[in-house]
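Overview (structure and organization)
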Amino acid sequence: MKSIREKLIAQGLSRQQVHDRLEKMRTPTPKDRLAVDAALSANISVENLAKLFDLAYYGDLAIGTPPQQFKVLFDTGSSDFWVPSQKCVAAGSTECFSHSRYDSRLSSTFRANNTPIAIRYVKGNTTGFLSQDTVILAGLKVKQQFFVESTKFADGVLDSDFDGIMGMAYTNLAVSKATTVFENMALQKLVPHSVFSFFLTAGTTSTIGGELILGGIDNSLFEGDIIYTRVTRKGFWQIAMKGVIVVEGNYDSTTPLGCLKGCPAIVDTGTSLLYGPKVDIARINTAIGAFPGDTTGEIYYVDCSTISSMPTVFFVIEQVHFPLKPRDYVLQFFYSDGTSECLSGFAGEDYQTSAGLLWTLGDVFMRPYYTIFDFEQSRVGFAKVTIP
């Protein structure tokens, strides 16, 4: 039996006409979309986010009874949940002195587990042991949640305003094998849908970071259609990307400079920049006028005076071109002496996977696009952020 695509081609339709016809078949009508959006926006819970420049987005949660307060980075690029333990002091970790520390002796809902855990980071391991307690986030009380009481920390992991990290990728990615906080929210029926979404603010001079929406979406934070793409591999929120195109000057808008034959990409709130293979990133940074900041091929800088004349960079997902303008991909930091420094948001790193070299769509990509993480239908959605 011929597929619908084959039948349309047999009718003499062009490739574009076939694509458009299939899109109409699978895309909800405006009326249907309104109904879906209304359902996903009902009974949501919201956690307000703070930020450190445009480099990290975090919020508040509590552990235990009575609640002990922590600031955590909400990270869609990992699945483990850890906070400093009161026992880090005895373990000799001076880094934890300036952070909130969980004390199991103060909680009536604490349950001991003590399984040792080591979470690997680029600059070493964060180690500790599993415990279980009540976790409260955005007014939602998750019972018997496993988490890691950390006693030793990878270099630099606590050099921030937040105390710990709450992973929001798929549970199978967790070193601890513990069900994530959000997946437990869904299992305990604390949220109407197994969907969460992020709105991240832009601007390095503000500490207001945006919102984490639990259980659905907030229609007031985006405009236009949501473009969904399926998760291609569960663990990370991994999707397929078609290409990266730089438009303006001598660069042809139909010729990709990165992700030349399609590539895997993960959507990661815990990564500040947008990472890709070093060769591709070098081409893109050359095209926008950036210059290397070191010899590793990772970091690039731009001349702050050229931002207004820099080109637009498009990321192609589901045949849709998502533009990043210079104001989106350049991070400008202002110093007390009146000077400023401008960092390219495109950074190089070679991370090999079975599907090819991996791209990481971090905060640089997510700021202009409201981003939806949908466990129910195994997909990620993007919509243009509404600018106040």
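Just above sits the structure.
Along each chain, numbering runs from 1 in the same order as the chain's sequence is written. Two thresholds apply to this predicted model, a pLDDT of at least 70 for residue-level local features and 80 or more for giving and counting side-chain atom pairs, whereas whole-chain, interface and lining totals are computed over all residues. Each side-chain value is derived from all of the structure's non-hydrogen atoms; neither hydrogens nor water enter the calculation.

Where helices and strands are cited, they refer to DSSP runs of H or I of at least four residues and of E of at least two residues respectively, numbered from the N terminus. Summing up its helical and strand segments, the protein chain has seven helices and 28 strands in all. Think of it in three bands: with a 1.4 Å probe and only protein chains considered, a residue is buried below 20% of the maximum accessible area for its type, exposed above 50%, and partly exposed in between. Across the 388 residues of the protein chain, 51% fall into the buried class. Only heavy atoms matter for contacts: two residues are in contact if any of them lie within 4.5 Å across the pair. For the protein chain, long-range pairs separated by at least 24 residues make up 66% of all intrachain contacts whose partners lie at least 6 apart in sequence. Here the Shrake-Rupley method, with its probe set to 1.4 Å, supplies the accessible areas, and only the displayed protein chains count as covering residues. Per element, the accessible surface of the protein chain, about 18,300 Å² overall, is 53% carbon and sulfur.

Note that Glu-376 resides in the loop between strand E27 (369-374) and strand E28 (379-385). Note: C-alpha distance between Glu-376 and Ser-194 (182 residues apart in sequence) is 5.7 Å. Throughout this description, a polar contact denotes any pair of N or O atoms lying within 3.5 Å of each other; where both atoms belong to protein, one of them has to be capable of donating a hydrogen while the other can accept it, and for residues adjacent in sequence the pair is counted only when both atoms sit in side chains. A distance of 2.9 Å separates a polar atom in the side chain of Glu-376 from the backbone nitrogen of Ser-194.

Look at any regular strand and the pattern is simple: side chains alternate between the two faces of the sheet. Here strand E4 (residues 81-84) shows two buried faces, one formed by Phe-81 and Val-83 and the other by Trp-82 and Pro-84. Between any two strands, pairing holds if DSSP finds at least two bridges. With two bridges joining them, E4 and strand E8 (residues 164-167) adopt antiparallel strand pairing. Looking across to E8, one finds that Phe-81 is bridged to Met-166. Both E4 and strand E7 (residues 140-152) contribute to a ladder of three bridges, which runs parallel. Its bridge partner being in E7, Trp-82 is matched across the sheet by Val-148.

Bringing the packing of aromatic side chains into the picture now. Side-chain rings of Phe, Tyr and Trp (the six-membered ring for Trp) are treated as a pair once their centres are within 6.5 Å; stacked means planes under 30 degrees apart, edge-to-face means over 60, and tilted covers the remaining angles. According to the stated counting rule, one finds 27 aromatic pairs in the structure shown. The interplanar angle of 90° and the centroid separation of 6.1 Å between the aromatic rings of Phe-198 and Phe-373 together place this pair among those described as edge-to-face. Taken together, the residues Phe-198 in strand E9 (residues 195-200) and Phe-373 in strand E27 connect sequence positions 175 residues apart. Given the relative accessible area of 0%, Phe-373 is considered buried. Relative to Phe-346, the ring of Tyr-329 lies with its centre 5.0 Å away and its plane at 35°, an arrangement referred to as tilted. A residue pair is termed long-range when its members are at least 10 positions apart, and Tyr-329 in helix H6 (residues 326-329) and Phe-346 in strand E23 (residues 346-348) qualify at 17 residues. The pair formed by Tyr-329 and Phe-346 is uniform in burial state, with each residue classed as buried. Through a chain of ring-to-ring contacts, the aromatic side chains of Tyr-170, Phe-182, Phe-196, Phe-198, Trp-237, Phe-373 and Phe-375 assemble into a single cluster.

Now for the environment of Ser-344. If you trace the backbone, Ser-344 turns up in strand E22 (residues 340-344). In this structure Ser-344 comes out as buried when scored by relative accessible area, which is 1%. Linking Ser-344 and Asp-303, residues 41 residues apart in sequence, is a C-alpha distance of 9.7 Å. In contact with Ser-344, other than residues within four places in its own chain, are Leu-273, Asn-285, Ile-288, Ala-290, Tyr-300, Tyr-301, Val-302 and Tyr-329. Only 3.1 Å separates the side chain of Ser-344 from the backbone nitrogen of Phe-346, close enough to count as a polar contact.

Bringing the state of the cysteines into the picture now. In protein chemistry, a disulfide is the covalent bond that joins the sulfur atoms of two cysteines. The disulfide criterion is simple: two cysteine sulfur atoms within 2.5 Å. In the structure shown here, the tally under the stated rule is three disulfides. Between Cys-304 and Cys-342 runs a disulfide, and the two sulfur atoms are separated by 2.1 Å. Measuring handedness by torsion sign, the sulfur bridge of Cys-304 and Cys-342 sits at about 120° and is right-handed. Note that Cys-304 is positioned in the loop between strand E18 (300-302) and strand E19 (312-317) and Cys-342 in strand E22, a separation of 38 residues in sequence. For Cys-304, a relative accessible area of 21% gives the class partly exposed.

Turning our attention to the nonpolar core. The nonpolar core is taken to be a set of buried Ala, Val, Leu, Ile, Met, Phe, Trp, Tyr and Cys residues, with the residues joined through side-chain atoms within 4.5 Å. Ranked by size, the top nonpolar core spans 75 residues in total, and within it Phe-315 and Trp-359 carry the most contacts. Among the elements that line this core, the one with the most residues is helix H5 (residues 278-288), at four residues. Grouped together as the second largest cluster of nonpolar side chains are 16 residues, Tyr-58, Leu-73, Cys-96 and Ile-119 included.

The next point concerns H5. Within H5, the full set of buried residues consists of Asp-280, Ile-281, Ile-284, Asn-285, Ala-287 and Ile-288. Down the axis, H5 shows its buried residues gathered within 155° of arc, on one side only. In H5, those exposed residues whose orientation departs by more than 90 degrees from the buried face are Val-279 and Thr-286. One or two steps after H5, the chain reaches Gly-289, where phi turns positive at roughly 90°. What the arc measures is the spread of directions leading from the helix axis to the C-beta atoms.

In any sheet, the strands associate via hydrogen bonds between backbone groups, in a parallel or an antiparallel arrangement. Ordered in space as E14-E19-E20, the three strands form an open sheet in which the pairing is antiparallel. Across the chains shown, the open sheet's two edge strands, defined by having one partner strand only, are strand E14 (243-247) and strand E20 (320-324). Each strand of the sheet is rotated relative to its neighbour by a mean of 30°, with strand direction disregarded. Both E14 and E19 contribute to a ladder of five bridges, which runs antiparallel. Along E19, the bridge assignment pairs Ile-245 with Phe-314. Whenever a helix is involved, its axis is fitted only over the stretch in contact; in every case the axis is a line through C-alpha atoms, and angles between N-to-C directions fall within 0 to 180 degrees.

Let us look at the side chain of Asn-285. Mapped onto the fold, Asn-285 is located in helix H5. On the basis of relative accessibility, which here comes to 0%, the residue Asn-285 falls in the buried class. In contact with Asn-285, other than residues within four places in its own chain, are Ala-290, Tyr-300, Ser-344 and Phe-346.

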